[in-house]
Amino acid sequence: MAALALTGCAEQRTQSVDTARPQDSRATATAASPAADGLRKDEEPVRVRFPEFGDFASVVWKGETLGQDSRESVPGPTDVRMSGIVRLTDTDAARLKDAYTWQNTSAQPDLPTDLRAQLPSDGPRWQTSTDFTRAVTGDRYTATFHADLDRKMLVFDAVNPEKKG
């Protein structure tokens, strides 16, 4: 019975994060598969997990399996980190600015190195919002969101983000 429960949990977690995981190297190159550097530009996996971002203009993101080396032989759920940079539309940048309380922060977004290289070099003015984070995650998973709403940019870093809708 315990083995059945573990298998069910593993299947449920795998189904919920499949599209966040980079495709294996045998996959044909499509918009949904990662580029050679592991970065992806397909929008649907981000849209279904973060509808609160609105109808954004573009995204570059990366999915990573956490702790895979140490857990290869251990059955059970796999944790997935999904990180990215979203270019917001004018409308959604204004909506987010008005709908949530944002605080300036000197903290930099925690991103994989290849994603960090996609950020503007002239230093965005980052802000965070506890209310926005709570609205997106529902306190069900860990995530951070840094925004420079004047530049219409939102950075996300989440572990096991859930599909919505």
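Residues numbered from 1 in each chain as written. Predicted model: local features only at pLDDT ≥ 70, side-chain atom pairs only at ≥ 80, totals over all residues. Heavy atoms only, no water.

S.K.: So what's going on with the packing of aromatic side chains? Residues and values would help.
M.R.: Taken as a whole and judged by the stated rule, the model has nine aromatic pairs. Consider the rings of phenylalanine 50 and phenylalanine 53, whose centres lie 4.9 Å apart with planes at 5°: the pair is stacked. Of the two residues examined, phenylalanine 50 and phenylalanine 53, each falls in the buried class. Sitting over the face of the ring of phenylalanine 56, arginine 47 holds its NZ or CZ atom 4.0 Å from the ring centroid. (Phe/Tyr/Trp six-rings, centres within 6.5 Å; stacked < 30°, edge-to-face > 60°. Buried < 20%, exposed > 50% of the residue type's maximum accessible area, 1.4 Å probe, protein only. Lys NZ or Arg CZ within 6 Å of the ring centre and 35° of its normal.)

S.K.: So what's going on with the environment of methionine 82? Which residues, and what values?
M.R.: You can see methionine 82 is positioned in strand S2 (residues 80-87). Linking methionine 82 and alanine 158, residues 76 residues apart in sequence, is a C-alpha distance of 5.3 Å. (Helix = DSSP H or I, 4+ residues; strand = E, 2+ residues; numbered from the N terminus.)

S.K.: Give me the nonpolar core: which residues, what numbers.
M.R.: If you look at the biggest cluster of nonpolar residues, it comprises 23 residues, and the most contacted ones within it are Val46, Phe50, Phe53, Phe132, Phe145 and Phe156. Of all the secondary structure elements, the ones that give two or more residues to this core are strand S1 (58-65), S2, helix H4 (90-99), helix H6 (130-137), strand S5 (142-148) and strand S6 (153-159). With residues near it in sequence (within four places) discarded, phenylalanine 53 still touches Val46, Val86, Leu88, Asp92, Arg95, Phe132, Phe145, Leu154 and Phe156. One finds Leu111, Leu115, Trp126 and Met153 within the second-largest nonpolar core, a separate group that totals nine residues. (Core = buried A, V, L, I, M, F, W, Y, C linked by side-chain atoms within 4.5 Å. Contact = heavy atoms within 4.5 Å.)

S.K.: Summarise the side chain of lysine 62; cite the residues concerned and give the values.
M.R.: Along the polypeptide, lysine 62 turns up in strand S1. A polar contact is formed between the side chain of lysine 62 and the side chain of aspartate 114, at a distance of 2.7 Å. (Polar contact = N/O pair within 3.5 Å; in protein donor to acceptor, adjacent residues only side chain to side chain.)

S.K.: Go over the environment of aspartate 131, please, and point to the residues and values.
M.R.: Relative to the helices and strands, aspartate 131 is located in helix H6. Sequence separation between aspartate 131 and tryptophan 102 is 29 residues; the distance between their C-alpha atoms is 8.5 Å. The residues touching aspartate 131, leaving out its near neighbours within four places in the chain, are Tyr100 and Thr101.

S.K.: Can you tell me about H6, naming the residues and giving the values?
M.R.: Among the residues of H6, those classed as buried are Phe132, Thr133, Val136 and Thr137. Angular distribution of buried residues about the axis of H6 spans 115°; they occupy a single face of the element. Taken together, the buried residues of H6 touch H4, S5 and S6. Positive phi appears at glycine 138, one or two residues downstream of H6, with a value of about 60°. (Arc of directions from axis to C-beta.)

S.K.: An account of unusual backbone geometry is requested, with residue identities and associated values reported.
M.R.: In this structure, aspartate 139 is a non-glycine residue whose phi angle is positive, near 60°. By secondary structure assignment, the location of aspartate 139 is in the loop between H6 and S5. Judged by its relative accessible area of 58%, aspartate 139 falls in the exposed class. The phi dihedral of lysine 152 is positive, around 60°, even though this residue is not glycine.

S.K.: Explain the pattern of salt bridges to me, and be specific about the residues and the numbers.
M.R.: Going through the model one piece at a time under the given rule, you end up with 15 salt bridges. Close ionic contact of aspartate 90 with lysine 152 constitutes a salt bridge, the shortest N to O distance being 3.4 Å. You can see aspartate 90 sitting in helix H4 and its partner lysine 152 sitting in the loop between S5 and S6, a full 62 residues away along the chain. One salt bridge in this structure joins arginine 140 and glutamate 162, with 2.8 Å as the shortest N-O distance. Taken together, the positions of arginine 140 in the loop between H6 and S5 and glutamate 162 in the segment after S6 put the pair 22 residues apart, joining distant regions of the chain. (Salt bridge = Lys/Arg side-chain N within 4 Å of Asp/Glu carboxyl O.)

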